[in-house]
Amino acid sequence: MNVLWWQRGVVYQIYPRSFQDDNGDGIGDLAGIERRLDHLADLGVDGIWISPCFPSPMADFGYDVADYCDIDPRFGTLADFDRLLAAAHAREIKVILDFVPNHTSSQHPWFVESRASRSSTRRDFYLWRDPAPEGGPPNNWISDFGGSAWEWDEASSQYYYHAFLKEQPDLNWRNPVVRQAMYDVLHFWFARGVDGFRIDVLWHLIKAEGFPDNPPNPAYDASLGLGEMHRVLQIHSTDQAEVHVIAGEMRRIADSYGERVLIGEIYLPLKRLMHYYGREIAGVHLPFNFQLIEAPWNAKGIATMIAEYEAALPPGAWPNWVLGNHDRPRIAARLGEAQARVAAMLLLTLRGTPTLYYGDELGIGRIEIPPSDVRDPRELREPGLGLGRDPARTPMPWDGTASAGFTSGTPWLPLNPDWRTRNVARLSEAPGSPLALHRRLLALRRAHPALAVGDIALLDGDHQEHDVLAYERRSDGDRLLIALNFGARPRELCLPSWAHHARPLLSTIEDDAPPVRAATRIVLRPDEGLVLGTD
Ligand code: NOJ
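Quick caveat: nothing in here was measured; it's all calculated off a predicted structure.

**Q** For the sheet that holds strand 9 (residues 286–287), give the residues involved together with the corresponding values.
**A** If you walk across this open sheet you meet the 8 strands as 9-8-7-3-2-1-11-10, and the pairing is parallel. Both outer strands of the open sheet, strand 9 and strand 10 (320–322), are each paired with one neighbouring strand and no more. Of the pairings in the sheet, the one linking strand 2 (residues 47–50) to strand 3 (residues 94–99) comprises 3 bridges and is parallel in character. By the bridge assignment for strand 3, Ile-48 is matched with Val-95. Each of strand 2 and strand 3 touches helix 4 (residues 78–90); the most contacted strand, strand 3, lies at about 140 degrees to it.

**Q** Kindly report on helix 7 (residues 243–255), identifying the contributing residues and their values.
**A** With 13 residues, helix 7 extends 18 Å from end C-alpha to end C-alpha; this agrees with the ideal 18 Å at 1.5 Å per step. Along helix 7, the residues classified as buried are Val-243, His-244, Ile-246, Ala-247, Gly-248, Met-250, Arg-251, Ile-253 and Ala-254. Buried residues along helix 7 sit in contact with strand 3, helix 6 (176–192), strand 7 (196–199) and strand 8 (261–264).

**Q** A description of the pattern of salt bridges should follow, citing residues and the corresponding values.
**A** Counting across every chain of the model gives 41 salt bridges. Linking Glu-242 and Arg-174 is a salt bridge whose minimum nitrogen-to-oxygen distance equals 3.2 Å. On the criterion of sequence distance, the pair formed by Glu-242 in the loop between strand 7 and helix 7 and Arg-174 in the loop between strand 6 (158–161) and helix 6 is long-range, its members being 68 residues apart. We classify Glu-242 as partly exposed; its relative accessible area is 30%. The residue Arg-198 makes a salt bridge to Glu-265 at a minimum N-O spacing of 3.3 Å.

Conventions we followed
- Residues numbered from 1 in each chain as written.
- Predicted model: local features only at pLDDT ≥ 70, side-chain atom pairs only at ≥ 80, totals over all residues.
- Heavy atoms only, no water.
- Pairing = 2+ DSSP bridges.
- Helix = DSSP H or I, 4+ residues; strand = E, 2+ residues; numbered from the N terminus.
- Contact = heavy atoms within 4.5 Å.
- Axes fitted to C-alpha atoms, helices over the stretch in contact; angles between N-to-C directions.
- Expected span 1.5 Å × (residues − 1).
- Buried < 20%, exposed > 50% of the residue type's maximum accessible area, 1.4 Å probe, protein only.
- Salt bridge = Lys/Arg side-chain N within 4 Å of Asp/Glu carboxyl O.

In structure tokens form, the structure reads like this:
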């Protein structure tokens, strides 16, 4: 099998506002990322995905793009980008950018022109509609950030559609001129040498013809606090068949540049997600698999999830796994530090490309953002539901100096309260730290083809009772057993016969205690994950 870099490799997501500030304005930038590449090389990642760094009014912190082919001055210049790309490549780290094709900023020149008059040549770049016959918005579609997804434009007496903020009007992907203009963006960056794109809300690009109302969601319960968007089922506003043609066109462009990767952001049930690998025509290389972010944390449920995901993959499709991102609570905030370590072992030993989220290698946990510091428009629009994303976006703590070495100015969001002890410099020196564990896991993955590219086989039901998830990874001559205790009590695991002489290569509990075991069994301590091997 010809294994490509993004199959063998580990991706690391950088939220650029929060990684490293180089110019003292309290906001991270590209020169800052370049300065910290050694951290990423030491960690052992193969690629970085940088959330949007393009010119933007920052209504949604860069997911509202005003110019797709430049760098926002807060983050630097195109020359800074070229330097970062070269410096990353010199360390054999690939660079993946964030493509935001569904919507632009309302300050993008296209929208400014489109809005200027009904007869503008760019009017049809966006989704303009008359009011409903009885007045009001054209249909019942709800923004993902709450409220109607239609914004009234007084001057031209029509509504425009925005799946997110009103400052993020949706493009009309049925217009071939829009498509070509957006494909030109891909060419621009691929020709510059970028190694791939994460594609924002890929499943949103096409809306049903005629804009029919979405059906009400019978399971909607406002008291659950999941957000108003769940009041309807988004069956007409998202995931339309034609989107696969677009994914195919993007794929053809990516493939024409050699080994580049397209990672689609798609939140859909498994069957529909699989469709984004493509059927007759190839789709994106990796439709993001967010199941570990969304699933309850228990061994049995996750074993079933792994089995179902593996079984659902179309022939030739490469799996991938994610524990967190800039939109979701951090893994250690959800599970606590001990289980976050087990989760890291899971992520980095499953079959498929893992994406790590910056700061998770430090075990950053729960952070309360005081109301006066809230920045996220999601939180500001539907406050108090716990949907705010600021806690997952706080600055990376590098050391024990002022502002954790993140900035010489005032950080745009507060730091994790324990930054004086939980920072890269301090945890680098601490043998049992989450950072040390991540480094060892990545090194193990690099050393063992079974982990990077081997098969996976879940141990049968007996082994998965009582909080334990266990599986084998195998490739030619290389075989490992991974056993994860999801609970707070010791658990015994019966070893398959090949593993009777296996020894622990790595534990999530990094002390010198020898494992309790007989030839055929091993005891997992509370919250312990183990990788066992025979070499
Ligand atoms: C998904 C992005 O991950 C999120 O941060 C953003 O708010 C929306 N798409 C809109 O672009």
